[in-house]
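Letter by letter, the chains look like this.
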There are 4 protein chains.
Amino acid sequence: MLDAIAEVREELHALHRSLVDNALVSWTSGNVSARVAPDLMLIKPSGVPYDELRPEDLVLCDLSGAAVAGTLRPSSDAASHGYVYRALPEVHGVVHTHSAYATAWAAHGEPIPCVLTAMADEFGGEIPVGPLAPIGGDAIGRGIVETLHGHRSPAVLMRNHGVFAIGDSPRAAVKAAVMCEDVARTVHLARQLGESVALAPQTVDALHARYRNDYGQEEA
Amino acid sequence: MLDAIAEVREELHALHRSLVDNALVSWTSGNVSARVAPDLMLIKPSGVPYDELRPEDLVLCDLSGAAVAGTLRPSSDAASHGYVYRALPEVHGVVHTHSAYATAWAAHGEPIPCVLTAMADEFGGEIPVGPLAPIGGDAIGRGIVETLHGHRSPAVLMRNHGVFAIGDSPRAAVKAAVMCEDVARTVHLARQLGESVALAPQTVDALHARYRNDYGQEEA
Amino acid sequence: MLDAIAEVREELHALHRSLVDNALVSWTSGNVSARVAPDLMLIKPSGVPYDELRPEDLVLCDLSGAAVAGTLRPSSDAASHGYVYRALPEVHGVVHTHSAYATAWAAHGEPIPCVLTAMADEFGGEIPVGPLAPIGGDAIGRGIVETLHGHRSPAVLMRNHGVFAIGDSPRAAVKAAVMCEDVARTVHLARQLGESVALAPQTVDALHARYRNDYGQEEA
Amino acid sequence: MLDAIAEVREELHALHRSLVDNALVSWTSGNVSARVAPDLMLIKPSGVPYDELRPEDLVLCDLSGAAVAGTLRPSSDAASHGYVYRALPEVHGVVHTHSAYATAWAAHGEPIPCVLTAMADEFGGEIPVGPLAPIGGDAIGRGIVETLHGHRSPAVLMRNHGVFAIGDSPRAAVKAAVMCEDVARTVHLARQLGESVALAPQTVDALHARYRNDYGQEEA
């Protein structure tokens, strides 16, 4: 298992880099985690700038968010990530960002309406808004899980706070965070032009099903 | 012909890179194709990230959008590109993006009005809006061709979806996609200041004719 | 003189690069010129992409805008640049861009109001709007010169078109173009929040005088 | 002490680079200073472009803003920085920028309301607006100090001008400037969607206390 964890350290390190490359984060404000065992995760250390972060700095934690190895303190969002892994066994990656357009929707407290085929593809409908909850305990994790229940979206806008995105791999979670900001921006720009007609539910369903089944390459 | 196709693979690979460099795409969301024979095209494989894309990965397809060589699945937009090549023999390049400002106009469903001399130059008038159509079949291709008919614009905003741009070469199509986003952004910004006066039709005609005839270098 | 011109070619080449680096241009849409003799200028060739432009490609022209050496066709804005040099002997650099925020003000046809100390510094007041004029002849040049007369601004917004900026060197003209887009953006963003109070004329005068006299390093 | 100052020169040089990398400045428009002794500071020379700035160019000044060594003229904001160091002994770094979104709020003259958990964390409430004051004397420095008094924010929006940010190190001041622009942008984008509910004072207090105490790594 140690070799496998070393590999995930490299991948998570690269994914933190891609948060920067996709302009989702400022200074030290976002983080990615990966489930590396049923009850263990790796997550960014708290307050470490992206350009100083090394693979070995990622903190191995249990799913309460407590470090189980090393000397670095984990992200203050560790308990929230851990709650998601506890509640949703199929999730293997969680991302948190304050990306600007998505966080603007979160501050305003309005779900991003599904007015784009790319949203139907990736999110299967609107991107919902979860509650404002204190940082550091279970409340954010519970808010994420309860809000995503009943939606197909892998991303949620936590009110007055930012984005959490999940996936069956850390890379899938990062993709969801990138696409969340992309559609948050496009729909924000569309809103400034006036109203947009939302896609009909059956159109959303058809697009989402096609995307899930026919997009990308067959698994090897 | 194989050598010629190898050269186009290199060019298409570089043009996909320029979609990224011009900030027209997120993750895997855009694609470029090139006609390489009267009834054959090369197009991006489905779901492959730009930084992993290699020239040899581009998929050779017939104009129904079906792969005729290799093991990678073509872009889910292949049938739409193919329809355009079938209907418009002079077209040798097609580009599809979800670039943010242009897609915002598409979501709102409003043509971009011709209020800039650069739009008159490049588009010869407004950039029109085409129908919302299901992804994967002929409907998008037909919508593109029917909407562009009667316009001088090489770009069309497909409603709730994104941009398709065409050209007599893949590079010309990419240029049209880049300029479409550029003017979509500028006119969006102008709209936020209040109304702009559209150029008079004879002004548009004069600018477009000059641009077609006197701009750039003589062909060797 | 040939050596001096070779040096200006290198400088102009670098300045075209800085238009790209400062995000003022898309594709081939902007240009910089330099006066290299009382009645000669160097200017970008028409339609050449920035990443293919070489110092030796810059076209030596008389002030009617006609090439006097080489085989490349000069920018279609050459006559406009030339008019400015003819009318304003102290000008040694001219820049033209379609930078997005400034061009949005130009499309809307409203001068950028002087609500920032940085505008008072650099522009000594508002950035004025000039007429819509056909591309290729004297009309744009005349519009630039007539509009700047009576303003301290080295930049002008040509209606429905874009920015022209002038300076006593090509570098100073590029600086004016960069600062024009910078303040066009900031004032646009401020406008979306509501009204801003314009600086009082005596405040503008004091800031402008200080900036002209006390800013930067003493000339060697 | 000379060795220590040489180290700070390197750090300040890198921090000026980070103003560019974080898109906070155009041309020569921002500056960072560091207190290097109770009554001495290092600051950017006036009007030097960032890509030409060398560590040895940073100007050693007393806290009136007058150079005490070297031949370069200090930033025209040196007296303002010096005033802050004189009034606030715990401050060891000061940053000034015209970053676009924050300066838009400054032009409009409205504090940035605390509608984001990240604002509560970093700023402990709203980011306040200080007076319009002439550049070059004590007035700006006095405006900064008086406005920050009674706020927990390390950043202030100087009306019609731009941002000043302070910190117990130059790096902390740069962080405050980066986060100021980040939240200025997000709250601006939120405003365009409609109103946002401000965080309750006790929520702000709890977030701020947690961030001050539990965020980042323990000091070694």
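Residues numbered from 1 in each chain as written. Chains lettered and ligands numbered in written order. Predicted model: local features only at pLDDT ≥ 70, side-chain atom pairs only at ≥ 80, totals over all residues. Heavy atoms only, no water.

On to the overall build of chain A. On a plain count of helices and strands, chain A comes out with seven helices and seven strands. Computed over the C-alpha atoms, the radius of gyration of chain A is 17 Å, within 12% of the 17 Å expected from 2.2 N^0.38 for a compact globule of 220 residues. Taken over the C-alpha atoms alone, chain A extends approximately 50 × 40 × 30 Å along its principal axes. A burial count over chain A gives 63% of its 220 residues as buried. Across chain A, the fraction of contacts at a sequence separation of at least 24, relative to all contacts at a separation of at least 6, is 64%. Only carbon and sulfur atoms are counted for the fraction: they give 52% of the accessible area of chain A, which is about 8,200 Å². With 16 positive and 27 negative side-chain charges, chain A shows a separation of 4 Å between the mean positions of the two kinds. (Helix = DSSP H or I, 4+ residues; strand = E, 2+ residues; numbered from the N terminus. Rg over C-alpha atoms; globule rule 2.2 N^0.38 Å. Buried < 20%, exposed > 50% of the residue type's maximum accessible area, 1.4 Å probe, protein only. Contact = heavy atoms within 4.5 Å. Areas by Shrake-Rupley, 256 points an atom, 1.4 Å probe, with all protein chains shown as cover. Lys, Arg positive; Asp, Glu negative; His and termini not counted. Charge placed at Lys NZ, Arg CZ, Asp CG, Glu CD.)

Here we take up the packing of helix 6 (residues 170–193) of chain B against helix 3 (residues 100–108) of chain C. Contact pair helix 6 of chain B / helix 3 of chain C: the axes reach a minimum separation of 8 Å and the direction vectors enclose 55°. Considering their axes alone, helix 6 of chain B and helix 3 of chain C lie oblique with respect to each other. Considering how the two elements wind past one another, helix 6 of chain B and helix 3 of chain C form a crossing that is right-handed. Mapping the contact onto sequence places Arg185(B), Thr186(B), Leu189(B), Ala190(B) and Leu193(B) in helix 6 of chain B and Ala100(C), Tyr101(C), Thr103(C), Ala104(C), Trp105(C), Ala107(C) and His108(C) in helix 3 of chain C. (Axes fitted to C-alpha atoms, helices over the stretch in contact; angles between N-to-C directions. Parallel < 35°, antiparallel > 145°, perpendicular 65-115°, else oblique. Left-handed = near helix turned anticlockwise from the far one by under 90°.)

We now examine the interface of chain A and chain B. Each side of the interface is counted separately: chain A has 30 residues, and chain B has 27 residues. Carbon and sulfur atoms make up 56% of the area that chain A and chain B hide from each other, which totals about 2,700 Å². Counting the surface chain A buries against chain B, the share from its top three residues, Leu193(A), Tyr215(A) and Gln217(A), is 24%. Counting across the chain A and chain B interface gives zero salt bridges. For the interface between chain A and chain B, the tally reads 13 residue pairs in polar contact (both at pLDDT 80 or more). Within the residue set of the side of chain A that touches chain B, elements represented by two or more residues are helix 4 (117–123), helix 6 (170–193) and helix 7 (201–214) of chain A. (Buried area = accessible area lost by both parts, 1.4 Å probe. Salt bridge = Lys/Arg side-chain N within 4 Å of Asp/Glu carboxyl O. Polar contact = N/O pair within 3.5 Å; in protein donor to acceptor, adjacent residues only side chain to side chain.)

Attention shifts here to the environment of Ala200(B). Within the secondary structure, Ala200(B) sits in the loop between helix 6 and helix 7 (201–214). On the accessibility criterion, Ala200(B) (30% relative accessible area) is partly exposed.

All right, on to the relation of the copies chain D and chain A then. Placing chain D over chain A gives an RMSD of 0.0 Å and needs a rotation angle of 90°, together with 0.0 Å of translation along the axis. Such values leave the two copies arranged in the relation of a four-fold axis. Every residue of chain D has its C-alpha some distance from the rotation axis, and the shortest such distance is that of Gln192(D), at 5.4 Å. Counting the interface residues of chain D, we find that no more than 3% of their copies in chain A are interface residues as well, pointing to two distinct contact surfaces. (Least-squares fit on C-alpha atoms with pLDDT ≥ 70 in both.)

Each copy superposes on the other: chain A lies on chain B with an RMSD of 0.0 Å after a rotation of 90° and an axial shift of 0.0 Å. Interface overlap between copies is the fraction of interface residues in one copy that are interface residues in the other; for chain A against chain B it is only 3%, indicating separate surfaces.

Listed as interface residues are 30 residues of chain D and, on the opposing side, 27 residues of chain A. For the pairing of chain D and chain A, the buried interface totals around 2,700 Å² over both sides, and the portion due to carbon and sulfur atoms is 56%. At the junction of chain D with chain A, the criterion picks out zero salt bridges. In this structure, the connection of chain D to chain A is made through 13 residue pairs in polar contact (both at pLDDT 80 or more). Listed by contribution, the elements that provide at least two residues to the side of chain D that touches chain A are helix 4 (117–123), helix 6 (170–193) and helix 7 (201–214) of chain D. A per-element tally of the side of chain D that touches chain A places helix 6 of chain D first, with twelve residues.

UniProt marks residues 10–188 of chain A with the feature "domain: Class II aldolase/adducin N-terminal" (unreviewed entry), using the numbering shown here. Between the first and last C-alpha atoms of residues 10–188 of chain A the distance is 35 Å; the span itself is 37% helix and 18% strand. (UniProt positions renumbered as here; feature names shortened; annotations may be inferred.)

Attention now moves to the pairing of strand 2 (residues 40–43) of chain B. Residue and element names in this part refer to chain B. Here strand 2 shows a buried face lined by Leu-40 and Leu-42 and a second buried face lined by Met-41 and Ile-43. Judged from the four bridges that link them, strand 1 (residues 31–37) and strand 2 form a sheet pairing that is antiparallel. By the bridge assignment for strand 2, Ala-37 is matched with Leu-40. The turn joining strand 1 and strand 2, which pair antiparallel and follow one another in sequence, is formed by two residues. Inspection of the sheet shows strand 2 paired to strand 3 (residues 59–62) by four bridges, in the antiparallel sense. From the neighbouring strand, Met-41 faces strand 3, where its bridge partner is Cys-61. (Pairing = 2+ DSSP bridges.)

With that settled, consider the pairing of strand 1 (residues 31–37) of chain A. Residues and elements named next belong to chain A. Counting buried residues along strand 1, seven of its seven residues qualify, which places the element largely inside the surrounding structure. Sheet topology places strand 1 next to strand 4 (residues 93–97); four bridges connect them, and they run antiparallel. Residue pairing for strand 4: Ala-34 is matched across the bridge by Gly-93.

We now examine the packing of aromatic side chains. Going through the model one piece at a time under the given rule, you end up with zero aromatic pairs over all chains. Lying across the ring of Tyr50(B), Lys44(B) places its NZ or CZ 5.1 Å from the centre. (Phe/Tyr/Trp six-rings, centres within 6.5 Å; stacked < 30°, edge-to-face > 60°. Lys NZ or Arg CZ within 6 Å of the ring centre and 35° of its normal.)

Take unusual backbone geometry next. Residues and elements named next belong to chain A. In the Ramachandran plot, Asn-160 falls in the positive-phi region, its phi being about 60° despite a non-glycine side chain. Relative to the assigned elements, Asn-160 resides in the loop between strand 6 (155–158) and strand 7 (162–167). Given the relative accessible area of 4%, Asn-160 is considered buried.

Take helix 7 (residues 201–214) of chain C next. All names here are of chain C. Between the first and last C-alpha of helix 7 there are 20 Å, a value that for 14 residues agrees with the 20 Å anticipated at 1.5 Å per step. Every buried residue of helix 7 is accounted for by Val-204, Leu-207, His-208, Arg-210 and Tyr-211. Projected down its long axis, helix 7 shows its buried positions confined to an angular sector of 165°, all on one face. Away from its buried face, by an angle of more than 90 degrees, helix 7 presents the exposed residues Pro-201, Gln-202 and Asn-213. On its buried face, helix 7 sits against helix 4 (117–123) and helix 6 (170–193). (Expected span 1.5 Å × (residues − 1). Arc of directions from axis to C-beta.)

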